[in-house]
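Here's the letter readout for the chains.
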Amino acid sequence: MKRRFDITRVFLADGCNLDCDYCCAKGGFEPRFTMWGFEQFLKTARADELLLSGGEPTMSRLLGDALCAARSSFDGVISVETNGLLLTMDKVFERLMTSPPDLLYWNLIALDPDSFRLITRRRLPDGLLDRVSDALNRTGVPVVLSITPVPGNVAEIPRLAAYGSSRLEHLKEIRILRPVPLAPNPSYYSVLEAGLRRVLHVTRGQPPVTVDTRFPARLSAHLPVHPIRTAALGRE
């Protein structure tokens with residue numbers, strides 16, 4: 001019997017509109033994803049959740065087609081993981097809303113323009129994140145705010161959580177992902193731990209704050225753990 005996973009991740013795009021050091025996806029787009037292969041996969045998919053990811057999935061012109069195919073063939077939760085920046089473009093927003101997902105994961109990287117440039121090697125235009133959050137609100141879809149602690153944003157984690165809590169109308173959860181200390185200084189983990197405690201203070205449990213199972217236990221003892229079993233389609 002084929003194993004059932006909590007989440008099956010489908011890579012719509014190998015590239016991304018950002019260039020973060022900690023991520024395996026870099027700038028550019030290689031369209032390896034095909035609708036034929038996706039439709040064949042859907043015939044035997046066994047998972048509670050189908051996550052359309054990347055790279056940055058909103059770069060793919062097939063996002064709308066993939067959402068429609070998933071809606072017609074998959075009986076679990078359909079979700080999209082995105083940095084959200086391209087959702088401020090009408091044509092990209094329309095693709096997403098062709099057949100709206102059940103859940104959106106918004107990867108919020110940094111609020112400070114200098115931190116954003118340091119992490120992504122891209123400029124953060126004034127007001128862009130506000131326009132992204134407005135677009136997410138217009139979808140009407142529940143949002144999980146995903147935060148990946150890296151040296152460039154670790155001190156900002158409480159601000160990121162507070163921003164999501166104040167701006168997102170359909171915020172379901174704040175999820176802290178596995179820390180990625182590319183070149184941490186000695187205070188990195190102490191700042192991270194203090195930040196996590198501050199997040200709990202800022203949110204007061206609404207929305208819930210969770211971490212994934214790869215998070216260091218000594219830092220997450222006071223947070224719920226979010227255990228997941230994942231499979232992936234579209235990467236060798």
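For the structure itself, look to the data block above.
Thresholds, definitions, all that
- Residues numbered from 1 in each chain as written.
- Predicted model: local features only at pLDDT ≥ 70, side-chain atom pairs only at ≥ 80, totals over all residues.
- Heavy atoms only, no water.
- Helix = DSSP H or I, 4+ residues; strand = E, 2+ residues; numbered from the N terminus.
- Buried < 20%, exposed > 50% of the residue type's maximum accessible area, 1.4 Å probe, protein only.
- Contact = heavy atoms within 4.5 Å.
- Areas by Shrake-Rupley, 256 points an atom, 1.4 Å probe, with all protein chains shown as cover.
- Phe/Tyr/Trp six-rings, centres within 6.5 Å; stacked < 30°, edge-to-face > 60°.
- Lys NZ or Arg CZ within 6 Å of the ring centre and 35° of its normal.
- Salt bridge = Lys/Arg side-chain N within 4 Å of Asp/Glu carboxyl O.
- Axes fitted to C-alpha atoms, helices over the stretch in contact; angles between N-to-C directions.
- Parallel < 35°, antiparallel > 145°, perpendicular 65-115°, else oblique.
- Left-handed = near helix turned anticlockwise from the far one by under 90°.
- Nonpolar A, V, L, I, M, F, W, Y, C, P; charged D, E, K, R; others polar.
- Polar contact = N/O pair within 3.5 Å; in protein donor to acceptor, adjacent residues only side chain to side chain.
- Core = buried A, V, L, I, M, F, W, Y, C linked by side-chain atoms within 4.5 Å.
- Pairing = 2+ DSSP bridges.

So, about the overall build of the protein chain. When its secondary structure is counted, the protein chain shows 8 helices and 9 strands. Here the protein chain, with 236 residues, has 51% of them falling under the buried criterion. The long-range fraction of contacts in the protein chain, counting pairs at least 24 apart against all pairs at least 6 apart in sequence, stands at 76%. Summed over all atoms, the accessible surface of the protein chain reaches about 11300 Å², with 51% contributed by carbon and sulfur.

The omega torsion across Gly-54 and Gly-55 is 20°, close enough to zero to call that bond cis. Structurally, Gly-55 is set in the loop between strand 2 (47–53) and helix 2 (63–73).

Attention now goes to the packing of aromatic side chains. Applying the stated criterion across every chain yields a total of 4 aromatic pairs. An angle of 20° between the planes, with centres 6.5 Å apart, marks the rings of Phe-38 and Phe-41 as stacked. Placement of both Phe-38 and Phe-41 in helix 1 (residues 35–42) is noted, with a separation of 3 residues, approximately one turn of the helix. Residue class for Phe-38 comes out buried when judged on its relative accessible area of 1%. When the ring of Trp-106 is compared with that of Tyr-163, the centres are 6.5 Å apart and the planes differ by 55°; the resulting orientation is tilted. Separated by 57 residues along the polypeptide, Trp-106 in strand 4 (residues 103–107) and Tyr-163 in helix 6 (residues 157–167) bring together distant segments of the chain. We note that Trp-106, like Tyr-163, is buried. Positioned above the aromatic ring of Phe-93 is the side chain of Arg-138, whose terminal nitrogen or guanidinium carbon lies 4.2 Å from the ring centre.

For side chains of opposite charge, pairing can occur when their charged atoms come near one another. Applying the stated criterion to the full structure yields 8 salt bridges. Arg-71 is the salt-bridge partner of Asp-102, the closest N and O atoms lying 3.2 Å from each other. With a gap of 31 residues between them, Asp-102 in the loop between helix 3 (90–96) and strand 4 and Arg-71 in helix 2 connect regions that are remote in the sequence. Relative accessible area serves as the criterion here: at 31%, Asp-102 is assigned to the partly exposed category.

Quick look at the packing of helix 6 against helix 7 (residues 188–203) now. Where helix 6 contacts helix 7, the two axes come as close as 8 Å, and the packing angle between them is 25°. Taken together, the axes of helix 6 and helix 7 lie roughly parallel to each other. Viewed along their axes, helix 6 and helix 7 form a crossing whose handedness is right-handed. Touching Ile-157, Pro-158, Ala-161, Ala-162 and Ser-165 of helix 6 are Leu-192, Gly-195, Arg-198, Val-199, Val-202 and Thr-203, all from helix 7. Here the contact of helix 6 with helix 7 is built from residues that sort into 7 nonpolar, 3 polar and 1 charged.

This part covers the side chain of Ser-60. The topology assignment puts Ser-60 in the loop between strand 2 and helix 2. Among the polar contacts listed, one links the side chain of Ser-60 to the backbone nitrogen of Leu-62, at a separation of 3.1 Å.

Grouped together as the largest cluster of nonpolar side chains are 64 residues, with contacts concentrated most on Phe-38, Leu-52, Trp-106 and Ile-176. Not counting residues up to four positions away in its chain, the partners in contact with Ile-176 are Ile-147, Pro-149, Ile-157, Leu-196, Val-209, Thr-210, Val-211, Asp-212 and Phe-215. By size, the runner-up hydrophobic cluster in this structure holds 5 residues, among which are Ile-7, Leu-51, Tyr-105 and Val-144.

Across the two faces of strand 7 (residues 209–212) the burial is the same, with Val-209 and Val-211 and Thr-210 and Asp-212 all buried. Of the pairings in the sheet, the one linking strand 6 (residues 171–176) to strand 7 comprises 3 bridges and is parallel in character. Looking at strand 7, one finds that Ile-176 is bridged to Val-211.

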